[in-house]
Amino acid sequence: MGKVIVMGGGAAGLMAAGVSASMGAEVLVIEKNKRPGRKICITGKGRCNVTNKCSNNDFIENVIRNPRFLYSAINAFSAEDTIGFFEDMGVPLKVERGNRVFPVSDKALDIANALERYCKNQGVKFLFETEVKDITSEGGAVKAVVDSKGKTHPCDAVIIASGGKSYHLTGSTGDGYPIAERLGHKVIKPTASLIPLECRGSDLNDCIEMQGLSLRNVGVKLYCGEKQVYEDFGELLFTHFGISGPTVLSMSTRLSDGEKYRVSIDLKPALDFEKLDARILRDFEKYKNRELSNALTQLLPSSMIPVVIRRLGEDDTLRVNSITKEQRHRLLSIIKNLDFEISGTRPLDEAIITRGGVDVSEVNPKTMESKLINGLFFCGEVLDVDAYTGGFNLQIAFSTGFLAGENSAWI
């Protein structure tokens with residue numbers, strides 16, 4: 001077994017390092033932060049959605065870019081393997097809505113600590129507060145790593161697990177991309193994915209007015225022009241810049257540059273037009289001598305009522321007993337299709353993950369080794385693969401990290 005250097009101590013890098021060392025390799029992790037797993041600690045709002053307890057086929061269906069590339073990886077190290085790994089490491093897990101898996105403690109730090117402990121138990125060495133500046137090669141094979149302190153580390157294999165370009169404060173600044181390019185690899189332009197969306201004009205003003213309002217169990221649809229390109233059901237949050245929440249984050253994966261999009265929210269997806277009309281008529285009868293704003297209190301959140309009435313083209317003083325059938329039907333349409341024009345996404349640094357990265361056509365999917373340079377491996381977010389929210393992206397990190405670690409040990 002040879003010497004393996006891992007660039008980056010995140011989820012993918014730690015898994016790769018531990019697996020490689022467990023097979024007898026001498027492993028060094030070079031990490032720019034003071035300790036590993038910093039980005040892990042902020043995932044899932046500090047709870048860490050470790051994986052998604054689904055079948056391998058369901059996992060592949062939730063991968064957006066290059067799903068076929070991940071067949072070997074997910075079969076080599078599945079969601080069940082991830083669950084077993086952490087529970088064996090003393091971190092009990094639980095399954096929540098949508099098969100999302102979290103630590104029972106609700107502490108992402110427990111996941112980061114378990115990965116670090118696993119590596120140390122296998123004899124992995126760490127070099128902190130140090131960056132990889134270059135990887136040298138000779139005769140088409142990896143030769144050494146040059147760090148930011150000017151030291152050269154001879155090695156037999158290098159695993160680039162440097163992550164993407166989201167959450168810069170965690171050290172995820174895209175360092176691996178230029179190194180991969182210098183070694184001849186093509187890098188697909190990194191863009192934001194799983195990211196909140198910004199609105200504009202009067203729609204933005206409405207979002208600001210409803211800022212902090214979280215909707216649950218709503219239907220959402222994304223349109224590009226008149227074509228529906230995405231549909232989901234779940235939670236949505238209004239913010240000072242537009243909309244966020246799980247449904248919006250997943251929706252953001254379908255946006256392309258240069259296109260115009262709008263989001264339509266069905267506030268009452270369980271009720272069709274006829275049933276919703278009957279519900280409103282009952283409320284109107286109850287509040288027939290009151291203003292419309294009073295008649296909507298049992299149907300809509302209070303901060304949303306002024307917005308809906310304004311979109312109806314009326315003001316708060318409109319009385320229920322004066323509402324026409326046409327006005328009522330317009331109200332129904334607004335409740336079933338509350339539209340917001342999208343002006344773009346939040347900055348890349350606020351994205352949960354990065355879309356784009358090292359072109360997977362130049363990486364062996366069965367080993368994660370470069371097809372261009374012997375002994376060069378990639379895993380995790382540095383690759384051009386990404387998935388919907390729900391634990392799938394961390395599973396990509398663990399699965400690709402496992403393959404990279406396993407195969408690098410044999411170089």
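Check the entry above for the structure.
Not measured: the values here are computed from a predicted model.

Caption draft 1: Layout of the layout of surface pockets. Roughly 420 Å³ of internal volume is contained in the second largest pocket. Residue assignment for the lining of the second largest pocket shows that the elements contributing at least two residues are β12 (187–193) and β18 (338–345). A per-class count over the lining of the second largest pocket returns seven nonpolar, seven polar and eight charged.

Caption draft 2: Region of the structure containing the state of the cysteines. Applying the stated rule across the entire model yields zero disulfides. Free of any disulfide, Cys199 has its nearest cysteine sulfur in Cys207, 4.0 Å distant. Free cysteine: Cys224, not disulfide-bonded; nearest cysteine sulfur from Cys199 at 16 Å.

Caption draft 3: Representation of the sheet that holds strand β7 (residues 125–127) in the model. The strand order β7-β2-β1-β11-β20 describes an open sheet built from five strands, whose pairing is parallel. One side of each edge strand has no neighbouring strand; the edge strands of this open sheet are β7 and β20 (376–378). Recorded for the sheet is a direction-independent mean angle of 20° between the axes of neighbouring strands. For strand β1 (residues 3–7) and strand β2 (residues 26–30), the ladder comprises five bridges, and the chain directions are parallel.

Caption draft 4: Region of interest: the nonpolar core. Formed by 82 residues in total, the largest nonpolar core has its most connected members in Phe86, Ile135 and Leu383. Leaving out residues up to four positions away in the same chain, Leu383 has contacts with Phe69, Gly356, Gly357, Val358, Val360, Val363, Met368, Phe378 and Thr400. With 46 residues, the next largest nonpolar core counts Leu197, Tyr230, Leu267 and Ile335 among its residues.

Reading the values: rules and limits
- Residues numbered from 1 in each chain as written.
- Predicted model: local features only at pLDDT ≥ 70, side-chain atom pairs only at ≥ 80, totals over all residues.
- Heavy atoms only, no water.
- 1 Å grid on protein atoms, 1.4 Å probe; cavity = no way out; pocket = protein on both sides within 12 Å on 5 of 7 lines; lining within 4 Å.
- Points joined across faces, edges and corners; volume = space filled by probe spheres on them.
- Helix = DSSP H or I, 4+ residues; strand = E, 2+ residues; numbered from the N terminus.
- Nonpolar A, V, L, I, M, F, W, Y, C, P; charged D, E, K, R; others polar.
- Disulfide = S-S within 2.5 Å.
- Pairing = 2+ DSSP bridges.
- Axes fitted to C-alpha atoms, helices over the stretch in contact; angles between N-to-C directions.
- Core = buried A, V, L, I, M, F, W, Y, C linked by side-chain atoms within 4.5 Å.
- Buried < 20%, exposed > 50% of the residue type's maximum accessible area, 1.4 Å probe, protein only.
- Contact = heavy atoms within 4.5 Å.

By themselves, these are just geometric observations and shouldn't be taken as functional.
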